Amino acid sequence: MQLNIDQVLTENKKFKTNHSDNFDFLSKQLENKGKNVNNILKKIADFQVAIPSWALGAGGTRFGRFGFFGEPASLEQKIEDVGILHALTKTAGAVSLHIPWDIPQDYNAIKELAKANGLVFDAVNSNTFQDQKNAKESYRFGSLSNLNSSVRDQAIQHNIDVIKIGNKLGSKSLTVWLADGANFAGQRNFQSSLIHTEDSLKSIYSELPEDWKMFIEYKPYEPNFYSTVIQDWGTSFMLANACGEKAYTLVDLGHHLPNTNIEQIVSTLMLKGKLGGFHFNDSKYGDDDSTVGSVKPYALFLIFNELVYGMANNSQNPDLAWMIDASHNIKDPLEDLLQSLEAIQEAYAKALLIDQEELKAAQERNDVTLCQEILQDAYRTDVRPLLAQARVLSGGAIDPLNSYRSLKVRESLIKQRGVNSIASGL
Ligand code: LRH
Ligand code: MN
Ligand code: MN
């Protein structure tokens, strides 16, 4: 199923007057404050976020999975789902594949389909956290860090195979996330685990095409509950430095212990030119993979403040690979992703409103109160008309979620795919 522009434009008629009133009011207010609204609109429109192929089915917990109706049963259908998100929002112009959950069969056909939906292929993700069908070796006791060199070799080869798959699709980066670690104190020697991991990553890195990047994702715990080899940004940063200039740290918002100052991590990594990718989600407790901005929207805004600062001031840091890494087991996954996309754009737009010059001057005067006021003034601005206007200018929907419902997208998907279709891969 593909949404066409006419359906979106017809929908927009319903919201047009209201939207114009809201946008005119906001842009006047912003212009009175000296903001360049057109510049902000352009930045919002240019901000594209990849959708992971694994977020399109209703996810689950280890205790159970409640499938949602009309889930995409093949990679083709997943790409169609991302196409629907992109047609409505014009901000989901990329898809990120997890291998072997989503291995293309016919590469040309998949590339054509992605193109027809206005999508490119973002980072490819390797998977050495599960045993694969017919694999010779098991990852029960780790993959790239395993004490057994045959297991490490198998995991290295898998990553190289994933690079080859990504290359055929036009991807330009590999994301490595390792579940490796220990469940019990004394189970593993920390140093030998780290040494093996570094050596394995270097072997993968040596097979990276010239114009590719490697992202090293960290996470403090889960599935191992005593120690994780790449547990924090420092370990990832160290490994990225050891590999070389095409290796970077990837920050996943859910991969921090409670109250970690993620905005400071982002800032440090950008200063050092080593922030490569970003996984958006939100959480209350751990790696909850909740809808972006649903629990801690102010924290997200503070993170975006550092990202915006870094994008403007740290030319040593490359363009970032943005991706949503969220999934929920009771919501319609497409509705969940529409909400996440909106929350990301909202935090970004608010951060763009921060007057950096004024903030710097207030910081230099140690006017702490004013510093806070400057941030909060931006945060308290309702930027939704800006997001809607950026979408209108790109041919998207004024109100994506509303239109998704009134166009009865899920109902059509159920008709096509059946009530019981279950997302492939997971
Ligand atoms: C690990 C993770 C990582 C995986 C994805 C499925 O928690 O964030 O990015 O590849 O989830
Ligand atoms: Mn992630
Ligand atoms: Mn995660």
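Our subject is the structure listed above.
Keep in mind it's a predicted model, so treat the numbers as computed, not measured. (Residues numbered from 1 in each chain as written. Chains lettered and ligands numbered in written order. Predicted model: local features only at pLDDT ≥ 70, side-chain atom pairs only at ≥ 80, totals over all residues.)

(A) Region of the structure containing the overall build of the chain. Scanning the chain for helices and strands turns up 15 helices and 10 strands. For a compact globule of 426 residues, the expected C-alpha radius of gyration is about 22 Å, and the chain comes in at 22 Å, within 12% of that figure. Across its three principal directions, the C-alpha atoms of the chain cover 65 × 60 × 40 Å. Contacts in the chain between residues far apart in sequence, at least 24 positions, make up 80% of those at least 6 positions apart. (Helix = DSSP H or I, 4+ residues; strand = E, 2+ residues; numbered from the N terminus. Rg over C-alpha atoms; globule rule 2.2 N^0.38 Å. Contact = placed C-beta atoms within 7 Å.)

(B) Structural detail: unusual backbone geometry. Going from Ile99 to Pro100, the amide bond is cis rather than trans, its omega being 15 degrees. Its location among the elements puts Pro100 in the loop between strand E2 (94-98) and helix H4 (107-116). We note that Asn134 has phi near 60 degrees; this positive angle belongs to a residue other than glycine. Structurally, Asn134 can be placed in the loop between strand E3 (120-125) and helix H5 (149-169). Owing to 5 C-beta atoms within 10 Å, Asn134 belongs among the exposed residues under this scheme. (Buried ≥ 20, exposed ≤ 12 C-beta atoms within 10 Å, placed from the backbone.)

(C) Fine view of the pairing of strand E10 (residues 321-324). Side-chain alternation along E10 places Ala321 and Met323 on one buried face and Trp322 and Ile324 on a second face that is also buried. Pairing geometry for strand E9 (residues 275-280) and E10, over four bridges, is parallel. Bridge pairing in E10 links His279 to Met323. Handedness of the crossover joining E9 and E10 through helix H9 (residues 297-313): right-handed. (Pairing = 2+ DSSP bridges. Right-handed = clockwise from strand over helix to strand, strands pointing away.)

(D) Main features of the packing of helix H6 (residues 190-205) against helix H7 (residues 233-243). Taken N-terminus to C-terminus, the directions of H6 and H7 make an angle of 50 degrees; their axes are 9 Å apart at the nearest point. Taken together, the axes of H6 and H7 are oblique relative to one another. Viewed along their axes, H6 and H7 form a crossing whose handedness is right-handed. Side by side, H6 and H7 meet where Thr197, Glu198, Leu201, Lys202 and Tyr205 of the first sit next to Leu239, Ala242 and Cys243 of the second. Its residues assigned to classes, the contact of H6 with H7 comprises five nonpolar, one polar and two charged. (Axes fitted to C-alpha atoms, helices over the stretch in contact; angles between N-to-C directions. Parallel < 35°, antiparallel > 145°, perpendicular 65-115°, else oblique. Left-handed = near helix turned anticlockwise from the far one by under 90°. Nonpolar A, V, L, I, M, F, W, Y, C, P; charged D, E, K, R; others polar.)

(E) Main features of the site of ligand 1. Inspection of the region around ligand 1 gives Trp54, Asn125, Trp177, Glu217, Lys219, Asp252, His279, Asp287 and Asp325 as its neighbouring residues. Residue composition of the shell around ligand 1, grouped by class: two nonpolar, two polar and five charged. (Near = placed C-beta within 6 Å.)

(F) Structural view of helix H13 (residues 384-393). In terms of burial, H13 is a largely internal element, eight of the 10 residues being buried. Those residues of H13 that fall on the buried side of the exposure criterion are Pro385, Leu386, Leu387, Ala388, Gln389, Ala390, Arg391 and Val392. Its buried side turned inward, H13 meets helix H1 (5-32), helix H2 (37-46), helix H3 (75-89) and helix H10 (333-353). Gly395 occupies a position one or two residues after H13 and carries a positive phi of about 85 degrees.

(G) A look at the environment of Lys213. With respect to the helices and strands, the residue Lys213 is situated in strand E6 (residues 213-217). Lys213 sits in the buried class, given 22 other C-beta atoms within 10 Å. Residues Lys213 and Ala123, spaced 90 residues apart in sequence, show a C-alpha to C-alpha distance of 8.8 Å. With near-sequence residues (within four places) excluded, Lys213 lies in contact with Lys172, Ser173, Lys246, Tyr248 and Gly276.

(H) How the structure looks around H2. Turning to H2, its buried residues are Ile40, Leu41 and Ile44. Along H2, the residues classed as buried sweep out an arc of 100 degrees about the axis, all on the same side. Among the exposed residues of H2, those oriented more than 90 degrees off its buried face are Asn38, Asn39 and Asp46. If you follow the buried residues of H2, they end up packed against H10 and H13. (Arc of directions from axis to C-beta.)

(I) Fine view of the nonpolar core. Core analysis: the largest hydrophobic core is formed by 106 residues, its most contacted members being Leu85, Val95 and Ile216. Sorting elements by how many residues they give to this core places H10 first, with 11 residues. Other than its neighbours up to four places away in sequence, Leu85 contacts Ile51, Ala92, Leu334, Leu337, Leu338 and Leu341. (Core = buried A, V, L, I, M, F, W, Y, C linked by C-beta atoms within 7 Å.)

(J) Structural view of the environment of Ile165. Within the element layout of this structure, Ile165 appears in helix H5. The spatial distance from the C-alpha of Ile165 to the C-alpha of Val124 is 8.3 Å, given a sequence separation of 41 residues. Not counting chain neighbours up to four residues away, the residues in contact with Ile165 comprise Ile99, Ile103 and Val124.

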